[in-house]
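Okay, here's what each chain looks like letter by letter:
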Amino acid sequence: SNLLPLSFRSSSQLSGSHGPGFAKLNRREGAGGWSPLSSDRYQWLEVDLGGRTQITAVSTQGRYGSSDWLTAYLLMFSDTGHNWKQHRQEDSIGAFPGNSNADSVVQHKLQHPVITRYVRLIPLDWNPNGRIGLRLETYGCPYNSDVVSLDGQSSLLYRLSPRPKQMTKESISLIFKTLKNSGTLLHAEGQSAHSLTLELEKGKLLLLLRQEHLGSAQEVNYHHLVSLGSLLDDQHWHHVAVEHHSTHLNLTVDKSTLWVQIPPTFTHWDHSQVCFCLTEQGLGSRRSIGPNRNFHGCLENLVYNGVNLVDLAKQKDQRGNVTFSCAEPVFVAMTFTGPQSFLWLPGVTELSSTATSVGLQFRTWNKAGLLLTFNLPKQGAVVWLYLSRARLHLQILKSGSALNDGQWHSVELISRQGHLTVSVDEGEGATAHASPPFLVTTGSQLFFGGSSQDCMNPFKAFQGCMRLLTVDNQPVDLIMVQQRLMGNYSNLQIDMCGIIDRCSPSHCEHGGSCSQSWSTFHCNCSSTGYSGATCHSSIFEQSCEAYKHKGNMSGYYYIDVDGSGHIRPQLIYCDMTEDKTWMVIQHNNTDLTTVRPSPGKNQHMAHFEYTAEEKQLAAVIGQSEHCEQELTYHCRKSRLLNTPDGPLPSWWVGGPGAGQVQTYWGGAPPGSQQCSCGLQENCVDPKHYCNCDADRTEWYGQANDSGLLTHKETLPVRSLVLGDVQRPGSESAYRVGPLRCHGDENVWNAAFFDKETSYLHFPTFHGELSADISFLFKTTSSSGIFLENLGIKDFIRIELSSSTEVLFSFDVGNGPLEVRVKAGSPLNDNRWHRIRAERNVKEASLRLDELPTATQEAPADGHIHLQLNSQLFIGVPRLWKQYLYTQKGFRGCIRSLQLNGVTLDLEERAKITPGVQAGCPGHCSSYGSLCQNQGRCVERPNSFSCDCGPSAYTGAFCERGTQGLSLISHSSALPSSISSDMTLRAENVSLSFRTSQSPALLLYVGSYHREYLALLLNKHGEHLDPLTFMLFLKSAFRDRLRNRVLKRCYAFLYRHSAIDICVRVSEVKSFSFSPDSGELDPELSQLASLGFTGCLSAVLFNSISPLKAALLHPVPSPVIVTGPLVQSICGSNSANPYAAETTHHLSAAITCHFLCFAGVIAVVIFVTVSALAIMARVLYRRKGTCQSQEVKTVKPEDSPELAFSSQTSSQNGPSENQKEYFI
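Residues numbered from 1 in each chain as written. Predicted model: local features only at pLDDT ≥ 70, side-chain atom pairs only at ≥ 80, totals over all residues. Heavy atoms only, no water.

Looking only at helices and strands, the protein chain features ten helices and 88 strands. A total of 1223 residues make up the protein chain; the buried ones form 54% of that total. Within the protein chain, contacts between residues at least 6 apart in sequence are counted, and of these 70% link residues at least 24 apart. Accessible surface, the protein chain as shown: approximately 54300 Å² in total, 51% of it carbon and sulfur. (Helix = DSSP H or I, 4+ residues; strand = E, 2+ residues; numbered from the N terminus. Buried < 20%, exposed > 50% of the residue type's maximum accessible area, 1.4 Å probe, protein only. Contact = heavy atoms within 4.5 Å. Areas by Shrake-Rupley, 256 points an atom, 1.4 Å probe, with all protein chains shown as cover.)

Now the structure itself:
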């Protein structure tokens, strides 16, 4: 280095031979380097480079021949020797590692060159067996630039004449520095109706694109207003660039770039003049929407489409005080970094003073903190000036609001003649007054930001910056404070403001709003559909299949197809009534639409807009096993795909993006130019491949051309063009159904690792700032690694550390961090368990099944980028450089593995990997409980299903009771043989009903020996509860069978109340469906004549479901029903004639204590209506609905006390409408 010794300055020196002039690298003069008087963190060494220089690297060395060297330090830069700015490496790391001895040289290359004149190094740590010792060198080259200074009243106008020609990429770039947080940087416009403006507002850069309506100078249409950057009023240089492409702009501020979509009207710039001024100055009608101020500061290297305007403007139009150098005031700020920070200054010493004042400016993100405190010696009191809830308080006074916005705010406290005044922002904010009964003076000492240790501070310490301190209208020289020539301080950074905007750029994802304090930030994720510290993880499932296997029913659900990806959640209907789970996406016209000839139109065109966004559609189709869409065409003299002339009359457009023209119809393969009848060779005219191409004059309503489009590459249908609709007599109708998809390929994608050395590998996982990992596993092993990805130093790993604990660990450069979740029961139970792990810049979290989430906060100012370079290994044992397995791999199944919303195809990779099998059976052990009402779980290769055969219920989980509505009088059923050798130890009867009739006969079970079981509903008005049930078990031949008596007990439950009834009956051999009403008891005979009108559901006699058999399996069926069978919808709405009624659930168990019997059993639901035929017809037309809740059938036990439960199925979504039938 050729720098003179006078170019080096320091905070202090141990002696003359330890001065800063001896701090050059590799020099041995003097004591061999610089050492300060005391070794603490308030020392510094400064180098004046003589002019602005582009610095690329810095080297350090200890003091020659000594034990004095630095082990860590901070690097500061400045253009003026004041207002220092700390240089931060990647991930905002401020500390640089130093030396390990006195003579070796440690060099750090800066990731980005820094342009500066002054360099300052602040020691952080040093050799514990020595003191601070340093030799220093900087590397770089001189930096030249064109600079202009504007004082807030001046302006600069440049006319682009002739106008620049069109370019493929147009751009504006500049560098600026300012102390003012608002002002117009640049305004460019031309003869067209649009303009571009760059403005500062509250320290942020605004880009304004606007278009003015021609002929109306007062009407302005603002098209785009975007914001980027923060704290740009820090009096440091900031780089701004605007690149204009055909459809978008790239706005760059320092290291952040924002992509901005622009309308077609802004496709070309034709700016004829550029002004650094208020837009009304020199440019007439254009007006700024921002602050009404010119820019006050310095501009450097302003380049417009390759032309340096600052250089050319020296000979162009100038207005006001424009100087082509950067003249800037010197403001010395100080940073209060933590709770121990404070500044002490001497106060007023003249006790006779009757007036005092204290002023300051501050900026902070915190809502609370102490700004100033001093004693009132005469009154024995203390004055506290502090922030609370972002408002300024002085004892009982408070003023100002939102003072934690990071902007500079001025505060002045004035006490004069018994009046106390506190003003904020020079009266622009707020002013508060008080008249205390005593004189307020500052006393002998003032504390700013905090207080010394021997003084109790009842308020939170201030964290932020202060500057422009005044006491009794006299400015405080903070440089003297820094040199310990006045006052005292602790944990202060003087001559710099170290405030950082942790929300710029924001780490809050998916539209989450960012707020911050001095040391951290917070994301508000409400109304985003995402959760976590950075709103990264979706709160919704990725498919209807996932919702179904959490036990949900049909309904509308928010589907987030890519999890934490950029595609927004969409509300989609999930149809779970069948074994398959369908995602149904509607569009704007799913009805049958009639087309008739229209004058002047040769074609009919229809365009379909779907309720899901384009990216959502593509993702749903891509991840589904099967998709289909109905396409139907009814015609009369309207040909479809073939005409005698040859040209194609009709076609449709389908597929991803804009879609492609398709020339086939539903049921035929793509490109075939056929309909389904042509493929099946059953068209009405064998010469044609579509029914409608026969060109018949009669309607082909039944023999239409319809079918399903099932090729995912051509879905969805986006538009339809019908060409043969203009001829006289032509008439047609079409229907395009909703898009329906089923089968989530991600949910059941699994692999089985049958050895502890088995593993799968995938490309490197890229989750630098945010990473979420979720999967399901099941195992019988007590430990093993699920997945691992390594970098040079960084890594990420999830493992089963013990049979009851899952461990999530990673390292991003701050040292390993671990998050653990401990389960209350063993996890190696061969059942599916779900793991969800997330790591972001703020915290790491881990969740196991439904246990509480465990979290671990990340360091506030540590490394944040996760840098990995190895392959991602699944199920791999931990392998080190010594090739020794330190922990065994995973043995078991992993399913539905997703990283940042992307599913890894385990099955495809497993097919080509030894030791790993594709798929993993055995789901009933985990999901069998979803099968309700005695439904039986059935294993499938990649799923499971519920067999509802032994239950009276239907549905995907046997949750819907089979329901019928009785309306036909004197219905009867013939005898039915259920089983010829059934041995019964107990009979169980259950059903649900809804009716407004009483009395009524609900159920009748009879035998060939005239023994019967009857379930009755009491008559209204009797002494008993109108809804009291009566159970009868009687024999018409008791005298004949008196010697064979059987005791039976009934455990009867109604409204969760149990009643036991015991009677003795004779042995029952068989039952009959067709009781003769003449042989019944008079009471039953009368009730049989009245019949039953109402709703029956989920009728079960032992293992027999007669109603289910009659309605769902009519052929062949052991139950014969006389009369019509009409399907209806069961629901609780106002149109329901039974809406005012309540559905009642009944379960009765008959247990044998003395004698078991066998025989042929026949069951009948005796459903009759005694009303006249007209009433039956009226009720038949009303098609009422009723809603039945689930009934869990009683399990037979050898005890009269039997369990019974009733539950509804309304989990996390709307219940589906249930089907009902008229009998």
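Still to come is the rest of the account.
Turning to the pairing of strand E12 (residues 194-201), a few remarks are in order. Most of E12 is tucked away, with seven of its eight residues classed as buried. Bridge analysis of strand E11 (residues 183-190) against E12 gives six bridges, and the strand direction is antiparallel. In the strand pairing of E12, His187 is matched with Thr197. (Pairing = 2+ DSSP bridges.)

The subject of this paragraph is the pairing of strand E44 (residues 582-585). Residues Trp582 and Val584 of E44 are buried on one face, and the alternating residues Met583 and Ile585, pointing to the opposite face, are buried as well. Across three bridges, strand E43 (residues 570-575) lies against E44 in antiparallel orientation. Pairing of Cys574 across the sheet is with Met583, part of E44. Hairpin remark: E43 followed by E44, antiparallel, with six residues in the connecting loop. Where E44 and strand E53 (residues 739-744) come together, four bridges link them in antiparallel fashion. Each residue of the ladder has a partner; that of Met583, found in E53, is Cys741.

Quick look at the packing of aromatic side chains now. For the structure shown, the criterion picks out 23 aromatic pairs. Grouping aromatic residues by their ring pairs yields a cluster made of Phe753, Phe775, Phe777, Phe786 and Phe890. Sitting over the ring of Tyr489, Arg484 keeps its end group 3.9 Å from the ring centre. The ring centre of Phe957 lies 6.0 Å from the NZ or CZ of Lys548, which sits over that ring. (Phe/Tyr/Trp six-rings, centres within 6.5 Å; stacked < 30°, edge-to-face > 60°. Lys NZ or Arg CZ within 6 Å of the ring centre and 35° of its normal.)

A separate point is the layout of surface pockets. Empty space among the atoms becomes apparent when a probe as large as a water molecule is rolled across them. Estimated volume of the second largest pocket: approximately 1400 Å³. Elements that contribute at least two residues to the lining of the second largest pocket include exactly strand E41 (537-538), helix H3 (544-548), strand E56 (771-779), strand E61 (833-839), strand E62 (843-848), strand E67 (892-899) and helix H7 (924-927). Looking at side-chain class alone, the lining of the second largest pocket contains 14 nonpolar, 19 polar and twelve charged residues. (1 Å grid on protein atoms, 1.4 Å probe; cavity = no way out; pocket = protein on both sides within 12 Å on 5 of 7 lines; lining within 4 Å. Points joined across faces, edges and corners; volume = space filled by probe spheres on them. Nonpolar A, V, L, I, M, F, W, Y, C, P; charged D, E, K, R; others polar.)

A separate point is the environment of His587. Within the secondary structure, His587 is located in the loop between E44 and strand E45 (593-595). The class of His587 is buried, set by a relative accessible area of 8%. Sequence spacing of His587 and Val717 is 130 residues, and the spatial spacing of their C-alpha atoms is 9.8 Å. Leave out the neighbours within four places in its chain, and His587 touches Phe608, Glu609, Tyr610, Gln629, Val736, Gly737 and Pro738. A polar contact is formed between the side chain of His587 and the backbone nitrogen of Asn589, at a distance of 3.1 Å. Among the polar contacts made by the side chain of His587, one reaches the main-chain carbonyl oxygen of Val736 at a distance of 2.8 Å. (Polar contact = N/O pair within 3.5 Å; in protein donor to acceptor, adjacent residues only side chain to side chain.)

Taken together, four strands build an open sheet; the order of strands is E46-E51-E48-E49 and the sheet is antiparallel. Because the sheet does not close on itself, it has two edges, and the strands there are strand E46 (604-607) and strand E49 (660-662). Between one strand axis and the next, the sheet turns by 20° as a mean value, whatever way the strands run. As judged from the three bridges shared by strand E48 (residues 651-654) and E49, these two strands associate in the antiparallel manner. Paired with Gly654 across the bridge in E49 is Gln660. (Axes fitted to C-alpha atoms, helices over the stretch in contact; angles between N-to-C directions.)

Time to look at helix H4 (residues 614-623). Gln616, Leu617, Val620, Ile621 and Gln623 are the residues of H4 that are buried. Buried residues along H4 sit in contact with strand E42 (555-559), E43, E44, strand E47 (624-636) and E53.

Let us look at the state of the cysteines. With the rule as written, the count across this model stands at 14 disulfides. Each sulfur in the disulfide pair Cys298 and Cys326 lies 2.0 Å from the other. Measuring handedness by torsion sign, the sulfur bridge of Cys298 and Cys326 sits at about 90° and is right-handed. Pair noted here: Cys298 is in strand E19 (residues 296-304) and Cys326 is in the loop between strand E22 (322-323) and strand E23 (333-336), with a separation of 28 residues, a long-range link. (Disulfide = S-S within 2.5 Å.)

Here we come to the sheet that holds strand E58 (residues 795-802). Spatially, the six strands line up as an open sheet ordered E55-E64-E57-E58-E59-E60, and their pairing is antiparallel. Bordering the open sheet on either side are strand E55 (760-762) and strand E60 (817-822), each of which pairs with just one other strand. Within the sheet, the average angular offset between the axes of one strand and its neighbour, ignoring direction, is 15°. Relative to E58, strand E57 (residues 784-790) is paired through six bridges, and the arrangement is antiparallel. Its bridge partner being in E58, Glu788 is matched across the sheet by Arg797.

So, about the pattern of salt bridges. Inspection of the entire model under this criterion finds 29 salt bridges. Here Asp724 makes a salt bridge to Arg639, at a shortest N to O gap of 2.8 Å. Here Asp724 is found in the loop between strand E51 (717-722) and strand E52 (731-736), whereas its partner Arg639 is found in the loop between E47 and E48, with 85 residues between them in sequence. Grouping residues by exposure puts Asp724 and Arg639 together as buried. Arg836 serves as the salt-bridge partner of Glu850, at 3.9 Å between the closest nitrogen and oxygen. With Glu850 in the loop between E62 and strand E63 (854-857) and Arg836 in strand E61, this pair connects stretches of sequence that are 14 residues apart. Among the residues examined, Glu850 registers a relative accessible area of 60% and is labelled exposed. Using a relative accessible area of 23% as the deciding quantity, one classes Arg836 as partly exposed. (Salt bridge = Lys/Arg side-chain N within 4 Å of Asp/Glu carboxyl O.)

Our next topic: unusual backbone geometry. Cis geometry marks the peptide bond from Ser504 to Pro505, where omega comes out at -5°. With respect to the helices and strands, Pro505 occurs in the loop between strand E37 (492-494) and strand E38 (513-516). Along the chain, Leu715 connects to Pro716 via a cis peptide bond; the corresponding omega equals 0°. Looking at the secondary structure, you find Pro716 in the loop between strand E50 (705-709) and E51. The backbone of Asp254 shows a phi angle near 55°, a positive value even though the residue is not glycine. Structurally, Asp254 can be placed in the loop between strand E16 (248-253) and strand E17 (256-261). Among the residues examined, Asp254 registers a relative accessible area of 35% and is labelled partly exposed. Of note in this structure, Ser527 is not a glycine but carries a positive phi near 70°. By relative accessible area, Ser527 is classed as exposed at 83%.

This part takes up the confidence of the model for the protein chain. Predicted confidence across the protein chain gives a mean pLDDT of 77, with 73% of residues reaching 70 or more. Across residues 278-291, where pLDDT falls below 50, the model places 51 contacts with residues more than four positions away in sequence or in other chains. Ignoring residues within four places in sequence, the model shows residues 1021-1075, a span with pLDDT below 50, making 162 contacts including any to other chains. (pLDDT = per-residue confidence, 0-100.)

Further remarks concern the environment of Arg740. Relative to the helices and strands, Arg740 resides in strand E53. Remark: the alpha-carbon pair of Arg740 and Ser624, spanning 116 residues in sequence, is separated by 9.8 Å.

A separate point is the side chain of Asn840. Following the sequence through the fold, Asn840 ends up in the loop between E61 and E62. There is a polar contact of 3.1 Å between the side chain of Asn840 and the side chain of Glu838. There is a polar contact of 2.8 Å between the side chain of Asn840 and the backbone nitrogen of Glu843.

Looking now at the nonpolar core. Residues Ile559, Tyr633, Leu640, Trp665 and Leu739 are the most contacted members of the largest nonpolar core, which totals 44 residues. Excluding its chain neighbours within four sequence positions, the residues that come into contact with Tyr633 are Ser638, Arg639, Leu640, Trp665, Cys692, Asn704, Asp705, Leu722, Val725, Ser732, Ala733 and Tyr734. Counting residues in hydrophobic clusters, the runner-up holds 41 residues, among them Phe808, Leu827, Ala854 and Ile894. (Core = buried A, V, L, I, M, F, W, Y, C linked by side-chain atoms within 4.5 Å.)

Mapped onto the elements, Asn869 comes out in the loop between E63 and strand E64 (872-874). When the C-alpha positions of Asn869 and Ile792 are compared, they lie 7.3 Å apart, and in sequence the two are 77 residues distant. With near-sequence residues (within four places) excluded, Asn869 lies in contact with Thr764, Leu790, Gly791 and Ile792.

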